[in-house]
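Summary of the model geometry
Letter by letter, the chains look like this.
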Amino acid sequence: MLNYVKVLINMDQLLNPFTPGAGSRPYELAGRQELIEQAKLLMGRTLLGRFEKSMIMVGLRGVGKTVLLAYLEEKAKEAGYSTIAVECHEGKELPALLASDIRRILLNLDRVATANEIVKRGLRVAKSLFNGFKISYAGAEISVDSEPGVADSGDIEIDLPDALSALAEAARARGTGVAMLIDEMQYLSDREFSALIMAMQRVAKTNAPLILIGAGLPQIPGLAGDSKSYAERLFNFPRVGPLASVDIEHALADPVIHAGAVITREAVAKIATLTEGYPYFIQEWGYHSWKIAPDKVIDRASVDLATSAVIRRLDEAFFRVRFDRLTPQEKNYLRALAELGAGVQRSGDVAEVLGSKSQKLGPIRDRLIKKGMIYSPSHGDTEFTVPLFDAFMKRAIPELPSQKDLGST
């Protein structure tokens, strides 16, 4: 083993083809071609004035939703769209997230040619919606009056549809389109989600060239349906999951071969088992296996040696950053969920592990859902949103907590 370790520096680290990181695009977007083609169809048909459902990708953490959003933003720009790309979070309201990009697009449209009244109206409506935000371009404030009686009610369910409809019409007047790419949509408030759905319905009625490509955790379709019953007629909800075996092989072998090295079938099979096919983890195992593999060959021994380093890195960064946001009661709830294993578990079974009752633990469970740590696939069911988090919880809290550890909810 010591002799093996001595040659760990043989692989050129500058050429390591794996890219583990939040939103970092891998060499190969394996297994996502159908979804990409669906997005391209949406872009193409919408610019032709033909209705096509917008799309919201749903899946657990680590499946590559953010990577796909960034890739699709590039494709939208190539297709002739102006783009808005934002990430939702609890600290900022949706209009504030959208303000800068909507303002930028309208000002750019206004500069394309001679003044166009439809574009000017879009600017006025935007100013009405974003009251309190300065409208400026290249450091100079633009003098634009608001549009009286439009997007100025203070009710986002009225104002956001007004603003996005005006933006879409301004884009149509210039022969272009607007693509909104919104990540982490589960953090939208109920009213924000409702307003966004209503806005997309308004746009759809006129076949205006504005599309939404979003991403979020698996509860998104349920949230959309609860908000507006017609949401399923406006959106497709493609599920982004772990990769199939053939796609895992492509995700590992293609970049390695391109970099002038080799990965054995045994190494691929081992990584597939360890990662359960989740793209982020595939990048981590590939990256560390490359680092320690000698003579440009990643074999089963390389993967075995890399595994402890991967787990340590995941524990310190990917898992720990989420774990540290939790209260002691929330950590204990997740530890009990982990005791039951991966996959969907009954909330009543979690309570039983803790010697408690579901009703008492309800507030803790609700907070964990809001924090994006778990979700409910169906009534009474609970599952981690982060793959492999059950194993991490057992490492982080070796001893199973008892009812007394929960304290007050």
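Refer to the preceding data block for the structure.
Residues numbered from 1 in each chain as written. Predicted model: local features only at pLDDT ≥ 70, side-chain atom pairs only at ≥ 80, totals over all residues. Heavy atoms only, no water.

Looking now at empty space enclosed by the protein. All chains considered together, the criterion is met by two cavities of 30 Å³ or more. Considering only enclosed or pocket space, the largest cavity measures out at about 140 Å³ in volume. Taken together, 15 residues form the lining of the largest cavity, with F51, E52, V203, A204 and L210 sitting closest to its centre. Every element with two or more residues in the lining of the largest cavity is listed here: α2 (33–47), α7 (190–205) and β6 (210–216). The element best represented in the lining of the largest cavity is α7, accounting for three residues. Among the residues forming the lining of the largest cavity, the class breakdown is ten nonpolar, three polar and two charged. (1 Å grid on protein atoms, 1.4 Å probe; cavity = no way out; pocket = protein on both sides within 12 Å on 5 of 7 lines; lining within 4 Å. Points joined across faces, edges and corners; volume = space filled by probe spheres on them. Helix = DSSP H or I, 4+ residues; strand = E, 2+ residues; numbered from the N terminus. Nonpolar A, V, L, I, M, F, W, Y, C, P; charged D, E, K, R; others polar.)

This part is about the pairing of strand β1 (residues 54–58). For β1, the buried fraction is high: five of the five residues fall into the buried class. Taking every second residue as pointing to the same face, both faces of β1 are buried, with S54, I56 and V58 on one and M55 and M57 on the other. One ladder, built from two bridges, connects β1 with strand β7 (residues 235–236); its direction is parallel. Along β7, the bridge assignment pairs M55 with N236. (Buried < 20%, exposed > 50% of the residue type's maximum accessible area, 1.4 Å probe, protein only. Pairing = 2+ DSSP bridges.)

This next bit is on the sheet that holds strand β11 (residues 374–375). Reading across from one edge, β10-β12-β11 is the order of the three strands in this open sheet, with antiparallel pairing throughout. Since the sheet does not close on itself, it has two edges, and those belong to β10 (345–346) and β11, each with one partner. Here β11 pairs with strand β12 (residues 381–384) via two bridges, running antiparallel. Of the residues in β12, the one forming a bridge with Y375 is E383. Contacts from helix α13 (residues 328–339) reach β10, β11 and β12 within the one sheet, and its direction differs from that of β12 by about 95 degrees. (Contact = heavy atoms within 4.5 Å. Axes fitted to C-alpha atoms, helices over the stretch in contact; angles between N-to-C directions.)

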